[in-house]
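# Fold and contact review
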Amino acid sequence: MQTRYLGPDRLAVSAIGLGCMGMSEFYGEGDERESIAVIHRALDLGVNFLDTADMYGPFTNERLVGRAIAGRRDEVVLATKFGNERREDGSWVGINGRPEYVRAACEASLKRLGSDHIDLYYQHRVDPTVPIEETVGAMAELKREGKIRHLGLSEAAPATIRRAHATHPITALQTEYSLWSRDPEDEILPTVRELGIGFVAYSPLGRGFLTGSIQHPEDLPEDDFRRNHPRFQGENFQRNLDVVAQVREIAAEKGCTPAQLALAWVLAQGEDIVPIPGTKRIKYLEENVGALDVRLTPEDLARIEKVAPKGFTAGNRYADMSTVNR
């Protein structure tokens, strides 16, 4: 397994991580036994960077990850998040960045994960009602106590990133990044690179769309949140599918799958970028790891750029974009 380094403190992680969200929610029904097998196989393959959050489930995903890594904690770089507050019944409370909540959320996550520390602790969404300095200050206090090792932000705007980093060094900024979500290239990536902050790319496979396996909206389970996603609906779906078909052709010529090509493209955008594709199937995990063997030449990258240029995607990233890039 290749290693990449995040942030000024050079947190060492596997070049590809594993997003665990879909094992518990949003992407149809999960199977805990199979999900734990996926996590174990990931660790066997050297994929040590596991990503979860308290809101996934809610709370059940952290418990699942905790059970999966029991006895293997020292093999894992464990990342989780706080800030999207939900109740046990799944209902939404709101975004919370208050210092007292940061501490309470961390304590609860540690208990669910069965760990005495979190390697990378992200603020999942920025709370516009609380100065970022107060939230990050509370995170820094948790670090001093040894409960977290590194600080991260998710979906934060450049000005917020700068203020946070001035309060305490930020190790990683996580946001959506893939062939069909290239917004970070405008301001986010230049900002984090200037500051030496690592970049963690979630949904690097375009929520599964770039795999080429979704040919019709009906291919998605009834309870899959993508059925209500702007990019998976109506004319947007077909327009995006037409581009994916061209990506599939390039992948075939390279002797890899569309998913591997899409991940190889993200990996080629810089050594400071770590994609965390999610899956709940071992075969897809192994396919994703295979992307590390795909070498894209400058000519390959130019051809991909031609068929899937920045901004080609039809539809917004979320139905409600009000909570991102604050």
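Nothing here was measured: the structure is a model prediction, and the numbers come from that model. (Residues numbered from 1 in each chain as written. Predicted model: local features only at pLDDT ≥ 70, side-chain atom pairs only at ≥ 80, totals over all residues. Heavy atoms only, no water.)

## With respect to the nonpolar core
Cut-off, in case you're wondering: By nonpolar core we mean a set of buried residues, namely Ala, Val, Leu, Ile, Met, Phe, Trp, Tyr and Cys, connected to one another through side-chain atoms within 4.5 Å. Here's how the labels work: a residue is buried when its accessible area is under 20% of the maximum for its type, exposed when over 50%, partly exposed in between, all with a 1.4 Å probe on protein chains only. Each helix is a run of DSSP H or I of at least 4 residues and each strand a run of E of at least 2, with the numbering of both proceeding from the N terminus.
By size, the foremost hydrophobic cluster in this structure holds 83 residues, and its most contacted members are Leu18, Ile39, Tyr121, Leu173 and Phe199. Among the elements that take part in this core, helix H8 (residues 258-267) stands out by supplying 8 residues, more than any other. Listed in part, the 15 residues of the second largest apolar core include Val77, Tyr122, Val274 and Val324.

## Overview of helix H1 (residues 32-45)
Operational definition: By this rule, a helix spans an expected 1.5 Å times one less than how many residues it contains. Taking the helix axis as origin, the arc is that swept by the directions to the C-beta atoms. It only takes one pair of heavy atoms within 4.5 Å for two residues to be counted as in contact.
With 14 residues, H1 ought to run about 20 Å at 1.5 Å a step, and its terminal C-alpha atoms sit 20 Å apart, in line with that. Looking only at H1, the buried set comprises Ser35, Ile36, Val38, Ile39, Ala42 and Leu43. Relative to the axis of H1, the buried residues are bounded by an arc of 150 degrees and lie together on one face. Turned more than 90 degrees away from the buried face of H1, the exposed residues are Arg33 and Asp44. Residues of H1 that are buried in the fold lie against strand S3 (18-19), strand S4 (49-51), helix H2 (60-69) and helix H9 (282-289).

## Topic: the side chain of Asn84
Definition in use: Definition of a polar contact: a pair of N or O atoms within 3.5 Å, with one able to donate and the other able to accept a hydrogen when the atoms are protein atoms, and with sequence-neighbouring residues admitted only if both atoms are side-chain atoms.
You can see Asn84 is positioned in strand S6 (residues 84-86). Within the local environment of Asn84, its side chain forms a polar contact with the side chain of His124, the two groups lying 3.4 Å apart. When near neighbours in sequence (up to four residues on either side) are disregarded, Asn84 contacts Asp54, Met55, Trp92, Gly94, Ile95, His124 and Arg125.

## Quick word on the UniProt feature "domain: NADP-dependent oxidoreductase" (unreviewed entry) in the protein chain
This is how it is decided: UniProt positions are given in the numbering used here, feature names are shortened, and annotations may be inferred rather than shown by experiment.
In the UniProt entry, the feature "domain: NADP-dependent oxidoreductase" (unreviewed entry) is given for residues 16-307. Helix makes up 41% of residues 16-307 and strand 15%, with an end-to-end C-alpha separation of 25 Å.

## Considering the side chain of Arg125
Our working rule: All tallies of charge rest on Lys and Arg as positive and Asp and Glu as negative; His and the ends of each chain are not included. We define a salt bridge as a contact between a side-chain nitrogen of Lys or Arg and a carboxyl oxygen of Asp or Glu at a distance within 4 Å.
By the element assignment, Arg125 lies in the loop between strand S8 (118-123) and helix H4 (132-144). Among buried charged residues, Arg125 stands out as having no salt bridge; its nearest opposite-charge side chain is Glu155, 4.5 Å away. Those residues within four positions of Arg125 in sequence are excluded, and the remaining contacts are Phe82, Asn84, Ile95, Ser154, Glu155, Tyr202, Tyr318, Thr323 and Val324.

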